Amino acid sequence: MTIALTSNGVQKLKVAAQPRPQLLRGLTPPVLTPDVHAMRCLEQLRSKDKGIEKYIYLSMLKEQDPEMFYRLCLSHMTEFTPIIYTPTVGDACLQYSHIYRRPEGLFVSIKDKGNIKAIVSNWKQLDEARISVVTDGSRILGLGDLGVNGMPISVGKLSLYIAGAGIRPESTIPICLDLGTNTQKFLDDPLYLGSRQKRVASEEMDEFMDEFMEAMSTTFPKLMIQFEDFSTDNAFRYLERYRNKYPVFNDDIQGTGAVVLSGFLNAAKISSAASGRPLSDHRILFFGAGSAGVGVAMQLMSFFTLQGMSAEEARSRIYLVDSQGLVFDARGKLAEHKKVFSRHDYQGPPMKNILDIIDYVQPTALLGLSTITDAFTPAVIQAMSAINPRPIIFPLSNPVRLSECTFEAAVTHTGGNVLFASGSPFNPLDFEGKALYPGQGNNMYIFPGLGLGAILAKSKSVTDSMVEAASLGLAESLTPEEREMGLLYPRIERIREISTFIAKQVIRAAQKANVDDSESLRTMSDSALMQWIPTKMWNP
Ligand SMILES: NC(=O)C1=CN([C@@H]2O[C@H](COP(=O)(O)OP(=O)(O)OC[C@H]3O[C@@H](n4cnc5c(N)ncnc54)[C@H](O)[C@@H]3O)[C@@H](O)[C@H]2O)C=CC1
Ligand SMILES: CC(=O)C(=O)O
Ligand SMILES: [Mg+2]
């Protein structure tokens, strides 16, 4: 007999098992059915107390039995994503040189400069490669410069591509570039797995990156590249340098922009219904002005202009705060990426205190991308609540211990009225007898569908319109039940359905922008495309 698992692990008796082929007799235990083994794997996972032990267990499972790993991942998304992704992947990165067991991706080192083509050609499945996540480990989540310890981020993101969008496992290449690290702790660690040197200067890095990108594109002609967790200056620089030459996008700038626009639109509908204030009257305060903060600001500005606002009107809805306080022209020299949102209309002294800034801006939405734990103090949350019947508060920094506030704090100090999304997951809460659900405003909702759409359309580049299509597709994908529950993002269990819809929207946007190379998809109706996309997905 076999035993089927329900999502909570309860067993149900099903049909009699087929006798195993004679060939395998004696090589496996006498009774080993996949369904019972799934229960065994879950039991082993759940017996571990620490997140990092669960992470190590799942890494081993993925290597030894990928089918089982992805089968369980898909049927237990809510349980698995916090382990293979944020927050636990952050611990895995911090400890990577100590928990390392075997290679899971490609390391390309500064020492390979001049010979990169040969190194990347060592990858096992040259023809299959379709998507690579590339990090240089210089800004892993909000944890800083981790050097080659950043590899688990590339691995984790690609596991979500496989689970969430059905990309074939052999089509993925996790890559960590080894360009040194400026974190002394790692340079002093005898177990550190990367080159024991400070990060290379930008000129040398540019030469390395040009050679790397050229080698990738000639070795893997069908490959799309997702840049991940590069420090902010390089994130913007390399996106601009390569986006018109290769199919690339930056997850922290564009993926985050897309996911936050989507959650903001759903939140703004609810907030506007309560305040009577139209979407065009929203004012958004960004606490944190790095790749993620400015990426989201650019996405919101682009959306506002599509709604008919002038660029200046759209820009005026956005206020940035960095470690020096409110970003404004008279403050002095500004990093390039902040300039477009620098306020022309403030001439006073530097404004550093977030409460003073809230008082001045009167924001409808407060978005945290600062890596500063608990920066949204009870007083900050109350200030947002005092000026908005339904304040939008998104503490988006990762991992969870860097979140600008907890869900509980946001609920408590707004009397349950907050419209909330965080970068890492929080548990639902019961507030005065009502169940309240936190949103997870994380780019993991966007990149699987965006990547899948770009791959299927054989897109030559990833345009802003494709990213925006992914964002609006996600915003639209909530079911009436999910809206009724007050959710801002769909339930993660529906990730394949969501990725299908996002991929369809992305394919259409690629066609409109004339960057696609798949004629047959142009003539397919939307409903035919929606049916065809799942047939292209890998299933465990
Ligand atoms: N939810 C999601 O999907 C995503 C979340 N993130 C998270 O966003 C965070 C920031 O990422 P990046 O922008 O790339 O990093 P970053 O280091 O470039 O940016 C941090 C920003 O916060 C500002 N900041 C630092 N201390 C501050 C303070 N005391 N007060 C006000 N501002 C302060 C800095 O000046 C900088 O502008 C990270 O924790 C990252 O994990 C990033 C991408 C996606
Ligand atoms: C989610 C993500 O990409 C980050 O925190 O960097
Ligand atoms: Mg990232």
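Residues numbered from 1 in each chain as written. Chains lettered and ligands numbered in written order. Predicted model: local features only at pLDDT ≥ 70, side-chain atom pairs only at ≥ 80, totals over all residues. Heavy atoms only, no water.

### What about the domain arrangement of the chain?
Under the convention used in this document: For the domains described, the bounds stem from an automatic or database domain assignment.
Here the domain parsing of the chain yields domain 1 (2–19 + 33–81), domain 2 (86–246), domain 3 (261–441) and domain 4 (444–536). The C-alpha centroid of domain 3 is placed 39 Å from the C-alpha centroid of domain 1.

### A short note on the pattern of salt bridges
Under the convention used in this document: Each salt bridge in this description consists of a side-chain nitrogen of Lys or Arg and a carboxyl oxygen of Asp or Glu lying within 4 Å of one another. Under the DSSP-based scheme used, a helix requires at least four consecutive residues in state H or I and a strand at least two consecutive residues in state E, with every element numbered from the N terminus. Think of it in three bands: residues with accessible area under 20% of the maximum for their type are buried, residues over 50% are exposed, and the middle band is partly exposed, with areas taken using a 1.4 Å probe on protein chains only.
Considering all chains together, one arrives at 29 salt bridges under this definition. Across the salt bridge formed by Arg-46 and Glu-79, the nearest N and O atoms sit 2.8 Å from each other. Of this pair, Arg-46 sits in helix H1 (residues 34–46) while Glu-79 sits in helix H4 (residues 77–84); the two residues are 33 residues apart in sequence, bridging distant segments of the chain. Given a relative accessible area of 37%, Arg-46 falls into the partly exposed group. On the accessibility criterion, Glu-79 (26% relative accessible area) is partly exposed. Here Arg-139 ties to Asp-229 by a salt bridge, and the two come within 3.0 Å at their closest N and O atoms. Of this pair, Arg-139 sits in the loop between strand E4 (131–135) and helix H8 (151–165) while Asp-229 sits in the loop between strand E6 (224–228) and helix H11 (232–242), placing them 90 residues apart in sequence. The exposure class assigned to Asp-229 is buried, which follows from its relative accessible area of 2%. One network of salt bridges, with partners in common, ties together Glu-482, Arg-491, Glu-493, Arg-494 and Glu-497.

### What to know about the site of ligand 2
This is how it is decided: Throughout, near means a residue has at least one heavy atom within 4 Å of the molecule or strand. Counting of polar contacts relies on pairs of N or O atoms within 3.5 Å, with two restrictions inside protein: one atom must be capable of donating a hydrogen and the other of accepting it, and residues adjacent in sequence are counted only when both atoms are side-chain atoms. Accessible surface area values rest on a Shrake-Rupley calculation with a 1.4 Å probe, where residue burial reflects the displayed protein chains alone. Only protein atoms enter the calculation, which uses a 1 Å grid: trapped sets of points that fit a 1.4 Å probe without letting it out are cavities, open sets showing protein on both sides within 12 Å along at least five of seven lines are pockets, and any residue with an atom within 4 Å of a point is a lining residue. Each molecule is checked against the cavity or pocket grid, and it sits inside if more than half of its atoms lie within 2 Å of the grid points. In the scheme used here, Gly and all other residues not listed as nonpolar or charged are polar, with Ala, Val, Leu, Ile, Met, Phe, Trp, Tyr, Cys and Pro taken as nonpolar and Asp, Glu, Lys and Arg as charged.
Taken together, Tyr-85, Arg-139, Leu-141, Lys-157, Glu-228, Asp-229, Asp-251, Asp-252, Asn-398, Asn-442 and Asn-443 make up all the residues around ligand 2. Contact between ligand 2 and Asp-229: an oxygen atom at 3.0 Å from a side-chain N or O atom of the residue. Here ligand 2 loses 91% of its free accessible area of 210 Å² to cover by the protein chains. More than half of the atoms belonging to ligand 2 lie within 2 Å of the grid points that define the largest pocket. Among the residues forming the shell around ligand 2, the class breakdown is 2 nonpolar, 3 polar and 6 charged.

### Topic: the UniProt feature "domain: Malic enzyme NAD-binding" (unreviewed entry) in the chain
Counted only if it meets this: UniProt positions are given in the numbering used here, feature names are shortened, and annotations may be inferred rather than shown by experiment.
UniProt's feature table lists "domain: Malic enzyme NAD-binding" (unreviewed entry) at residues 253–511, given in the numbering used throughout. Overall, residues 253–511 shows 46% helix and 12% strand. The separation of its end C-alpha atoms is 23 Å.

### Focus on the packing of helix H2 (residues 51–64) against helix H3 (residues 66–75)
Under the convention used in this document: Helix axes are fitted only over the stretch in contact, all axes being lines through C-alpha atoms; the angle between N-to-C directions runs from 0 to 180 degrees. Between 65 and 115 degrees an angle is taken as roughly perpendicular, under 35 as roughly parallel, over 145 as roughly antiparallel, and anywhere else as oblique. In what follows, residue pairs with any heavy atoms lying within 4.5 Å of each other are defined as contacts.
Relative orientation of the contacting elements H2 and H3 amounts to 125°, with a least axis distance of 5 Å. With respect to their mutual orientation, H2 and H3 come out oblique. Two secondary-structure elements touch here, H2 through Leu-58, Leu-61, Lys-62, Glu-63 and Gln-64 and H3 through Pro-66, Met-68, Phe-69, Tyr-70 and Leu-72. The residue makeup of the contact of H2 with H3, split by class, is 7 nonpolar, 1 polar and 2 charged.

### Re empty space enclosed by the protein
Condition: Grid points are joined across faces, edges and corners, and a volume is the space filled by probe spheres set on the points.
Across all of its chains, the model carries 2 cavities of 30 Å³ or more by this definition. As a volume, the largest cavity reaches approximately 130 Å³. Those elements that place two or more of their residues in the lining of the largest cavity are H2 and helix H6 (96–99). In terms of residues, the lining of the largest cavity owes the most to one element, H2, which gives 4 residues. When its residues are assigned to classes, the lining of the largest cavity shows 7 nonpolar, 1 polar and 3 charged. Mapped onto the domain boundaries, the lining of the largest cavity takes at least three residues apiece from domain 1 (2–19 + 33–81) and domain 2 (86–246). Around the second largest cavity, the lining residues are Tyr-55, Leu-58, Ser-59, Lys-62, Phe-69, Ile-84, Glu-104, Val-155, Gly-156 and Ser-159. Listing elements by their share of the lining of the second largest cavity, those giving two or more residues are H2 and H8. When residues in the lining of the second largest cavity are grouped by element, the largest group, 4 residues, is from H2. Each residue belonging to the lining of the second largest cavity can be placed in one class, and the counts come to 5 nonpolar, 3 polar and 2 charged.

### Quick word on the pairing of strand E8 (residues 284–287)
Two faces, one strand: in a regular strand the side chains alternate between the faces of the sheet. Going by this rule: By the convention used here, strands pair only if DSSP detects at least 2 bridges between them.
Both faces of E8 are covered, namely the face carrying Ile-284 and Phe-286 and the face carrying Leu-285 and Phe-287. Inspection of the sheet shows E8 paired to strand E9 (residues 318–322) by 4 bridges, in the parallel sense. By the bridge assignment, Phe-287 is partnered in E9 with Val-321. Pairing of E8 with strand E11 (residues 365–368) involves 4 bridges; the strand directions are parallel. Bridge pairing in E11 places Phe-286 opposite Leu-367.

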